[in-house]
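Working through the structure, step by step
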Amino acid sequence: MNQKEVAAIRKHFKLNAEAVKIADIYNIYIRQDSNEIFHEELRSFPFLEQEHQELFLANFKKVLGGKMDEKLFEVKFQHPEPGQSDHTQTLLYEGLKTDEIEGWASSMQKVALKTVQDATFEKDMVITFIRFKYNKPTRRHSEETEIDMRDEVWTSRFILCSINQTELPKQSLVFDFIEREFKSNIFINPVIKLDAPVGGFMFPSFTDNAADVNHILYAAQKPHQPDYRFIENVLNGTDIVTAVEEKAMFEEVVKTVIGEEVNLATLATVYDEINQIIVAEAEREEEDQTVPVMDARTVEIVLKASGVEDVTTEKVEAAFQQVVDDRQYEMKASSVIPKYTSKSIKINTKVANIAISPQDLKYVKQVNYKGRPCLLIEVEDDTEIEGFKLISEELLD
C-alpha cells in the first residue's frame, strides 16, 4: 500500500461522499482504572446527527494522516497458532464478511479488549470501529472528484479503528447573565479527543485494486514511534522497519562498502541518483505505481554512477549480509535519503549550525585554509548579515 492509495481513501471521508460509504459505527468506552468496558454504543452511521458525523469524519482522516513508514505502517499478520480463536486477522475478517451488525460488533469487541489487555492507560479510552465500502474507479473518464457513472468501479469493504483518550475540561470562571454574578463552572463530562487519536488501523490493506487480508495498515500516534507492543500483541503482526531504521541501514551498507569518509560532492551525487529513481517512478502514468526500492544491485549502480571507485557486486552483497543479514533485502528508496527539497540535512559545527537540502549539497565543500578545516558554501547572490552586504575576500589559492 502506498501513499497515493492512502490519500485516495482519506480525502473521501466527508459528508455525502460517493466513494466512501460508512455503514455502521461502534463506540466502546473503557475506564482507565479497570480496563473494562463501561459503555458501548452500536449505531448506523448515516442516522447520526450531522455534527457527530463531521466530528468522526475528521477523526478518521486524522487516523490516516501522515506518511508511510513514518506514521503509517503496512503490517503483515503472523500465522495464527493452532486453535487460536482470538487472532486479530481472523476476528477482523469474520467481522468484515458478516452481514449481521451484532456479529460484527461482537468481533470488534474482542479486538478492543485485546487493546486494553495488559496495557496501562493514564486516562479513560474510547475505541471506535466503523465498517465502510470504498468505491474506487479503476479508470477515470471524468475530471470530477466524485465517481462518475461512466467509471469502472472496484468496490470492497474495510474496517477502520480509532483509539482516543478522554480528558476532563478545566474548571473555569464564568459570568451568569441571568443571575448577574460570577460563578465557578465545573464540567463533569469527559471530552473525547477526536482531534488527536493515539492510534488506530485499517483492515484490509490493498494494492492495485485488490484487498490484501494478509496485511493491515497500522497508524501510530507520532511519526517514527510505532507501538511495537500493540503491533505484536493486539494486531498479531510481524516486526516492522521504520524509515529512520532503513536510512540507518543504508548508511551502514554504504560505509561498509566505501569506508567512513566521503566528500560532499560524492554524497550529493548519491542523493541525486536515488532521487531520480524516486522521481522516475512518480512520473509514471499508470495507477499501479510500485514503491521504488534499493536492493544490493541498485546500491551498486548508484555508487558507481556517483563516481565511487572499486565498487563490486561482491562487496555490496557482503555489506547487505553484514548489516541486515540478508543479501536480497530491499530498502524503500524514499526512506534512505533525507527529504530532497527541504532543508533536511543538518551540519552542526562549533561556531554555527547549518540546514541545507540534499539538492543543494553540491554547493557545499569542506576545504583546508591555513591548515584548518573550513566549510565553503557557494552562493549566487551577495550575502547580507544584519542589513550589511558582505565584501568578497580572496582567501583561497
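Position numbers for residues start from 1 in each chain and track the written sequence from start to end. The predicted nature of this model means local features are confined to residues of pLDDT at least 70 and side-chain atom pairs, given and counted, to a pLDDT of 80 or more, with totals for whole chains, interfaces and linings taken over all residues. Note that water and hydrogens are dropped before the side-chain values are worked out from all heavy atoms of the structure.

The name an unreviewed UniProt entry gives the protein chain is DUF4317 domain-containing protein, with Exiguobacterium alkaliphilum as the organism.

1. Some words on the overall build of the protein chain
The secondary structure listing takes helices from DSSP runs of H or I that are at least 4 residues long and strands from runs of E that are at least 2 residues long, numbered from the N terminus. Per the secondary structure count, the protein chain includes 10 helices and 20 strands. Its C-alpha atoms give the protein chain principal-axis dimensions of roughly 80 × 65 × 50 Å. When the 397 residues of the protein chain are sorted by exposure, 38% land in the buried category. We call two residues in contact when some of their heavy atoms are within 4.5 Å. A fraction of 64% describes how many contacts in the protein chain between residues 6 or more apart in sequence connect residues 24 or more apart. Per-residue and other accessible areas follow the Shrake-Rupley method at a 1.4 Å probe size, with only the shown protein chains counted as cover for residues. Counting every atom, the protein chain has about 23,900 Å² of accessible surface; 49% of that belongs to carbon and sulfur. Residue exposure (1.4 Å probe, protein chains only): buried if accessible area is under 20% of the type maximum, exposed if over 50%, otherwise partly exposed.

2. Details of the environment of Lys4
Turning to its location among the elements, Lys4 is positioned in helix α1 (residues 3-10). Between the C-alpha atom of Lys4 and that of Met68, which follows or precedes it by 64 residues, the distance is 9.9 Å.

3. Some points on the side chain of Ser306
With respect to the helices and strands, the residue Ser306 is situated in the loop between α8 (296-305) and α9 (313-324). By relative accessible area, which is 8% here, Ser306 ends up buried. Under the rule applied, a polar contact is a pair of N or O atoms within 3.5 Å (in protein, one hydrogen donor and one hydrogen acceptor; residues adjacent in sequence only if both atoms are side-chain atoms). In terms of polar contacts, Ser306 uses its side chain to reach the backbone carbonyl oxygen of Val302, at 2.7 Å.

4. Considering the packing of helix α3 (residues 88-97) against helix α4 (residues 101-116)
With axes taken as lines fitted to C-alpha atoms, and helix axes fitted only over the stretch in contact, angles between N-to-C directions fall between 0 and 180 degrees. At a minimum axis distance of 8 Å, the contact between α3 and α4 shows a crossing angle of 155°. Regarding the angle of α3 to α4, the classification is roughly antiparallel. Remark: the crossing between α3 and α4 carries left-handed chirality. Contact residues: Thr88, Leu91, Leu92, Glu94 and Gly95 in α3; Trp104, Ser107, Met108, Lys110, Val111 and Lys114 in α4. All residues other than Ala, Val, Leu, Ile, Met, Phe, Trp, Tyr, Cys, Pro, Asp, Glu, Lys and Arg, Gly among them, are scored as polar; the first ten of these are nonpolar and the last four charged. Here the contact of α3 with α4 is composed, by residue class, of 5 nonpolar, 3 polar and 3 charged. Throughout, the term roughly parallel applies to angles under 35 degrees, roughly antiparallel to angles over 145, roughly perpendicular to angles from 65 to 115, and oblique to all others. Crossing handedness follows the turn of the near helix against the far one: under a right angle anticlockwise gives a left-handed crossing, and clockwise gives a right-handed one.

5. Some details on the packing of helix α7 (residues 264-282) against α8
Two numbers describe how α7 lies on α8: the axes approach to 9 Å, and their chain directions differ by 130°. If you check the angle between α7 and α8, you find them oblique. Note that α7 runs across α8; the crossing there is right-handed. Counted together, Thr269, Val270, Glu273, Ile274 and Ile277 of α7 and Thr298, Val302, Leu303 and Ala305 of α8 form the full contact between these two elements. Of the residues in the contact of α7 with α8, the class split is 6 nonpolar, 2 polar and 1 charged.

6. Structural notes on the pairing of strand β12 (residues 215-219)
Burial of β12 is extensive: 5 of the 5 residues sit out of reach of the surface. Covered by surrounding structure in β12 are His215, Leu217 and Ala219 together with Ile216 and Tyr218, the residues of both alternating faces. With 5 bridges connecting them, strand β3 (residues 72-76) and β12 associate as antiparallel partners. What sits directly across from Val75, in β12, is Ile216. Direction of pairing for strand β9 (residues 199-203) relative to β12: antiparallel, over a ladder of 3 bridges. Counterpart to Met202 in the pairing with β12 is Leu217. Strand pairing is defined by DSSP finding a minimum of two bridges between the two strands.

7. Remarks on the nonpolar core
Working definition of a nonpolar core: buried Ala, Val, Leu, Ile, Met, Phe, Trp, Tyr and Cys residues. They are joined through side-chain atoms within 4.5 Å. With 33 residues, the main nonpolar core has Leu92, Phe129, Phe201, Ile216 and Tyr218 as its most contacted residues. Among the elements that line this core, the one with the most residues is α4, at 6 residues.

8. Considerations on the pattern of salt bridges
By convention in these notes, a salt bridge is any Lys or Arg side-chain nitrogen within 4 Å of a carboxyl oxygen on Asp or Glu. All told, the structure shown has 18 salt bridges when counted by the stated rule. Its salt-bridge partner being Glu251, residue Lys247 comes within 2.5 Å of it at the nearest N-O pair. Residue Lys247 and its partner Glu251 are both found in helix α6 (residues 243-258); the two are separated by 4 residues, about one turn of the helix. Exposure remark for Lys247: the relative accessible area of 24% places this residue in the partly exposed category.

9. Details of the layout of surface pockets
Considering only enclosed or pocket space, the second largest pocket measures out at about 910 Å³ in volume. Around the second largest pocket, the lining is made up of 28 residues, and of these Lys67, Met68, Ile278, Ser334 and Ser335 lie nearest the centre. Breaking the lining of the second largest pocket down by element, the ones donating at least two residues are α1, α6, α7 and α10 (333-336). With 4 residues, α6 is the largest single contributor of residues to the lining of the second largest pocket. Residues belonging to the lining of the second largest pocket are distributed by class as follows: 12 nonpolar, 8 polar and 8 charged. As defined here, a cavity is a set of points on a 1 Å grid over the protein atoms alone where a 1.4 Å probe fits but cannot get out. A pocket is an open set with protein on both sides within 12 Å along at least five of seven lines, and residues line them when an atom is within 4 Å of a point. Grid points are joined across faces, edges and corners, and a volume is the space filled by probe spheres set on the points.

10. Focus: a nonpolar patch on the surface
A cluster of nonpolar side chains, namely Leu173, Phe175, Phe177 and Phe182, defines an oily patch on the protein surface of about 540 Å² accessible area. Within the element layout of this structure, Phe177 appears in the loop between β6 (172-176) and β7 (181-185). Classification of Phe177 by relative accessible area gives exposed; the value is 69%. Each patch is built from residues that are more than 30% exposed by relative accessible area and take part in no salt bridge. Like charges join if they lie within 9 Å; nonpolar side chains (Val, Leu, Ile, Met, Phe, Trp, Tyr) join within 5 Å.

11. Regarding the environment of Ile345
One can find Ile345 in strand β15 (residues 345-348). Judged by its relative accessible area of 13%, Ile345 is buried. For the pair Ile345 and Ala355, spaced 10 residues apart in the sequence, the C-alpha separation amounts to 5.6 Å.

12. Here's the deal with the confidence of the model for the protein chain
Per-residue confidence from the prediction method is given by pLDDT, with values spanning 0 to 100. On average, the protein chain scores 89 in pLDDT, and the residues at 70 or more come to 94%. Of all secondary-structure elements in the protein chain, the lowest mean pLDDT belongs to β7, at 82, while β12 reaches the highest, 97.

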